[in-house]
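So you can see what is in the structure, the chains are spelled out below.
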There are 2 protein chains.
Amino acid sequence: MERIRLDFTHVIGDSENGKFLSMEEIGQLGDTICSAHEELKKERLKKDELSFLSLPIAYNKKYGNTIFGDTLWNTKTVIDQKAEQIKSRFSDYVQIAIGGSALGATALVNALGEPQRKIRIHTPDNVDPEWIGEILDTIQTEKTFFNIISKSGGTVETLSNFFVFYDELRKKIPAEQLKDHFTIMTNPEKGPLAELCREEGFTLIPIPNSVHGRFSVLSPGGLLTAAVSGIDIDELLDGARVMDEFTEESEFWKNPMLLYAAFHYIANTRKDIDTLILLPYSQKLRTIADWYSQLVAESLGKDGKGITPVKALGATDQHSQLQLYNEGPMNKFVTFFSVEKYRRRIEIPNAFPSRKDYQYLWGNSLNNLLGSEQRATAISLYNHGVPNCTLRMPEITPFYMGQLFMLLEKVIPILGKLYNVNAFDQPGVEESKEYARAMLGKEGKVYEEKRKEMEFYSKPANCKVV
Amino acid sequence: MERIRLDFTHVIGDSENGKFLSMEEIGQLGDTICSAHEELKKERLKKDELSFLSLPIAYNKKYGNTIFGDTLWNTKTVIDQKAEQIKSRFSDYVQIAIGGSALGATALVNALGEPQRKIRIHTPDNVDPEWIGEILDTIQTEKTFFNIISKSGGTVETLSNFFVFYDELRKKIPAEQLKDHFTIMTNPEKGPLAELCREEGFTLIPIPNSVHGRFSVLSPGGLLTAAVSGIDIDELLDGARVMDEFTEESEFWKNPMLLYAAFHYIANTRKDIDTLILLPYSQKLRTIADWYSQLVAESLGKDGKGITPVKALGATDQHSQLQLYNEGPMNKFVTFFSVEKYRRRIEIPNAFPSRKDYQYLWGNSLNNLLGSEQRATAISLYNHGVPNCTLRMPEITPFYMGQLFMLLEKVIPILGKLYNVNAFDQPGVEESKEYARAMLGKEGKVYEEKRKEMEFYSKPANCKVV
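Residues numbered from 1 in each chain as written. Chains lettered and ligands numbered in written order. Predicted model: local features only at pLDDT ≥ 70, side-chain atom pairs only at ≥ 80, totals over all residues. Heavy atoms only, no water.

## Brief notes about the overall build of chain A
When helices and strands are counted, chain A shows 15 helices and 10 strands. Here the C-alpha coordinates of chain A stretch approximately 65 × 65 × 60 Å along the principal axes. Put simply, of all contacts in chain A between residues at least 6 apart along the chain, 74% involve residues at least 24 apart. As presented, chain A carries roughly 16200 Å² of accessible surface, and 45% of it is formed by carbon and sulfur atoms. Distance from the positive charge centre (55 side chains) to the negative charge centre (63 side chains) of chain A: 2 Å. (Helix = DSSP H or I, 4+ residues; strand = E, 2+ residues; numbered from the N terminus. Contact = heavy atoms within 4.5 Å. Areas by Shrake-Rupley, 256 points an atom, 1.4 Å probe, with all protein chains shown as cover. Lys, Arg positive; Asp, Glu negative; His and termini not counted. Charge placed at Lys NZ, Arg CZ, Asp CG, Glu CD.)

## Quick notes on the interface of chain B and chain A
Listed per partner, the contact involves 146 residues of chain B and 146 residues of chain A. Of the roughly 12200 Å² buried between chain B and chain A on both sides combined, carbon and sulfur atoms contribute 61%. With its nearest N and O atoms 2.8 Å apart, the salt bridge here joins Arg355(B) to Glu199(A). Linking chain B with chain A are 66 residue pairs in polar contact (both at pLDDT 80 or more), by the criterion used here. (Buried area = accessible area lost by both parts, 1.4 Å probe. Salt bridge = Lys/Arg side-chain N within 4 Å of Asp/Glu carboxyl O. Polar contact = N/O pair within 3.5 Å; in protein donor to acceptor, adjacent residues only side chain to side chain.)

## Some words on the packing of helix H2 (residues 75-89) of chain B against helix H8 (residues 233-246) of chain B
Residues and elements named next belong to chain B. For the pair H2 and H8, the least separation of the axes is 12 Å and the interaxial angle reads 145 degrees. Residues Lys 76, Ile 79 and Asp 80 of H2 form the contact with H8, whose participating residues are Ile 233, Asp 234 and Leu 237. Across the contact of H2 with H8, the residue classes break down as three nonpolar, no polar and three charged. (Axes fitted to C-alpha atoms, helices over the stretch in contact; angles between N-to-C directions. Nonpolar A, V, L, I, M, F, W, Y, C, P; charged D, E, K, R; others polar.)

## Regarding the relation of the copies chain B and chain A
Of the two same-sequence chains, chain B is brought onto chain A (RMSD 0.0 Å, axial shift 0.0 Å) by a rotation of 180 degrees. Taken together, the rotation angle and the small translation identify this as a two-fold axis. Closest to the rotation axis within chain B is the C-alpha of Val310(B), separated from it by 3.0 Å. (Least-squares fit on C-alpha atoms with pLDDT ≥ 70 in both.)

## Quick word on the nonpolar core
Within the largest apolar cluster, 314 residues are counted, with the highest numbers of intra-cluster contacts made by Phe162(A), Tyr292(A), Met401(A), Phe162(B), Tyr292(B) and Met401(B). For this core, the element with the most residues is helix H13 (residues 398-419) of chain B, which contributes 14 residues. Contact partners of Met401(A), with chain neighbours within four places excluded, come to Ala107(A), Leu108(A), Ala111(A), Leu112(A), Leu236(A), Leu285(A), Ile288(A), Met393(A) and Ile396(A). (Core = buried A, V, L, I, M, F, W, Y, C linked by side-chain atoms within 4.5 Å. Buried < 20%, exposed > 50% of the residue type's maximum accessible area, 1.4 Å probe, protein only.)

## Digging into the sheet that holds strand S5 (residues 182-186) of chain B
All names here are of chain B. The five strands are arranged S3-S2-S4-S5-S6 in an open sheet whose pairing can be described as parallel. Every interior strand has two partners, whereas the edge strands, strand S3 (120-122) and strand S6 (203-206), have only one. Put simply, the sheet's adjacent strands are angled 20 degrees from each other on average, direction ignored. Pairing geometry for strand S2 (residues 92-96) and strand S4 (residues 144-149), over five bridges, is parallel. Directly across from Tyr 93, in S4, lies its bridge partner Phe 145. (Pairing = 2+ DSSP bridges.)

## Considerations on helix H12 (residues 366-383) of chain A
Residues and elements named next belong to chain A. In this model H12 runs 25 Å from its N-terminal to its C-terminal C-alpha over 18 residues, within 8% of the 26 Å that 1.5 Å per residue would give. Counted residue by residue, H12 has 14 buried out of 18 residues, so it is predominantly covered. Of the residues one or two after H12, Gly 385 is the one with positive phi, at around 90 degrees. (Expected span 1.5 Å × (residues − 1).)

## A closer look at the domain arrangement of chain A
According to the domain assignment, chain A consists of domain 1 (5-43 + 238-419), domain 2 (53-231) and domain 3 (427-462). Relative placement of domain 2 of chain A and domain 3 of chain A: their C-alpha centres are 31 Å apart. (Domains from an automatic or database assignment.)

## Side note on the side chain of Thr123(B)
Residues and elements named next belong to chain B. Tracing the backbone shows Thr 123 in the loop between S3 and helix H4 (129-138). Classification of Thr 123 by relative accessible area gives buried; the value is 19%. If sequence neighbours within four positions are ignored, Thr 123 has contacts with Gln 95, Thr 106 and Trp 131.

This is the structure we're talking about:
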């Protein structure tokens, strides 16, 4: 089987010297990591928060029961049918979501969406009135389908955008047709959006309560948008399933998932490295960096622990960030995402034969230029003392994207155990939501207290502005 | 005069306690910073690398002579005319550049480009064959104008893309018309692109040799793309001129540029803060974070010094990165970019009167939702011990964008003096270019040596892959 490979040539060095890892110290962590892995194997069908591991097999009865029971097994058929219907009837498709619920689908559309497709895809994951206004100007709402994703049914940004688009559409078409323009993806068991679906007749597509937003790319939340943009979601799920099986491998040195977790953990906790550079050498994979950044930051950034992910892009950022990586503070570990075979080949033509200074370029292609730059940068970082590894993707296809998502998702619970943090909560984001709700006038004691607190900063005397 | 303001309420705290800065320690740096500022005032008309400060007045004779002499004063007329011609004759405009030469224009088009304009703007700043292929599929080359930007004339990515597009166009139109589809922006005095212009008859628009790519947004390199996308570049230059004058203010506590430099430097060098989060609360300002990241990373990341810039986006990244900022390692300083007045107003309608749980949203707008989230996040970060300041932009207009560019550009030479580094070179990026050229087959001793060095890693026995 062809699969994603982990090249860690430039991770390894003398451990006494600088930031590189020695084979010995990696090996010493092997037992601990393997124990964590074995624990997770036992927990995967019991613990709700690990249910995302079962998503690749949850839509197909042939794989037998999963942690979801029957919740999802016919959902894929619903998604396939909905996607066909949407593609044939609508000119635009708007995914309304934010955070983890949005990033997986956005990464998929960016990597694999058919450029020549007829239906335009919009993924507003912000409440910027200028952006939402532009989308409203671009689409004809009466020819647009909207997919609303909020597992809790309480995500304020998603709800606000939903209401705005719904209200615009309501002005254009008869009330009884409104529901044909929406699917709502939410926890089917409880929550205000599930109730709304019952009241208004919107199609509810279930997001199981146990699947957290940041692990939801292979849930219906990621799949519908992918299918509408022309991506083969069966292949995607296949890739994820294959990588899941492969990374169940118990032998430490044969399992890229365990090794990558080891590099991350050793670099961060023993080498004074606090920054993880995610550096795809592919325009199409740049949103994978956004997706994995979210996974790393929100899952592991707690109790004063964690590493700061930084999204970059090659070759572009060689002209922007590389100076800092090579000669700035030695606090970085770099993960390249490389592509072995691009789906296009573009030769660099001999456009101006008289210019001998450009001769070395002719006969090359953009393909080997970009590939050469990636390898050159990996070596140059190494020479400057910056440890780096490369996730080598054979080609950008649904199958390998499925592999990539699963490989990286599985790293997180391992790291959660190593860091001894709960990788599935995000207590640190609640407070700002409460302040915001308070400013918006929400009733209740907690909000009234927040409003009082904030009055302090509404007085110019307490502000410093120049 | 309305202008960008710096709100530093949440920077200030007890210096003995955590990461906040005390007024005393800020004040103590005042003299050093003001001396650096006074030096720069004396140097600005003498030193080549500070010539970018004169760009806002370089196109208009009424401001008198500048460091550029007569090089640029009629260039703005050329740009205005070219832009009109391009808009009237072409369906697509492709800016071919990379790094600093590309990021300023991209930030401008993203912030201010007329969404309803007829001409499509493409800014390929990478050599990804999949992306370049998509642009080739999208445009009709015979209806497309290309602007090539490379001051040195030797930027391999820019040249390669140039040759690809040129070759495609050559297949479609008569040879004598080719030159009407191109402008080339380069050092007019020397270099292979200047020679090529003379040989082939391309219009050369000068980028003065003294203006470095990362400080070139107000040079012709930024202006033509801006003008073609419908931006009032006179207003832009006016804003920059006004901010330049304002930030010549000598009194430390009255000058946001000096204060912002002080925060950056104290946080980085005295508070163990190594990460600078750039957090615009505006979809339209997100590429300002890319632009300033490049300025900070490449100018100051050297000699083991510097801070790592991280590009983020509000409110979106509240659902992605905020957990880490609030509860992860305390190594971050946050700079918000807020907008006081968005150009659109979108109310949140009462779409479902029966749902009382959503009632607190109705009567609000996306505008005050996004504004509330920004202020809420600033307070929440402060409560968690994370110092943060806000650059408050009255509105996203060419005038204020000009102010923003100038304010942030002027911070850099001040910091260069404080860090005692050369803010205008980038020695750390050369090596990877040499390795890449070697892989592409360039002749010469240095490349042959590199090729030999790299043969080591071409042997599987020397690679670690799993």
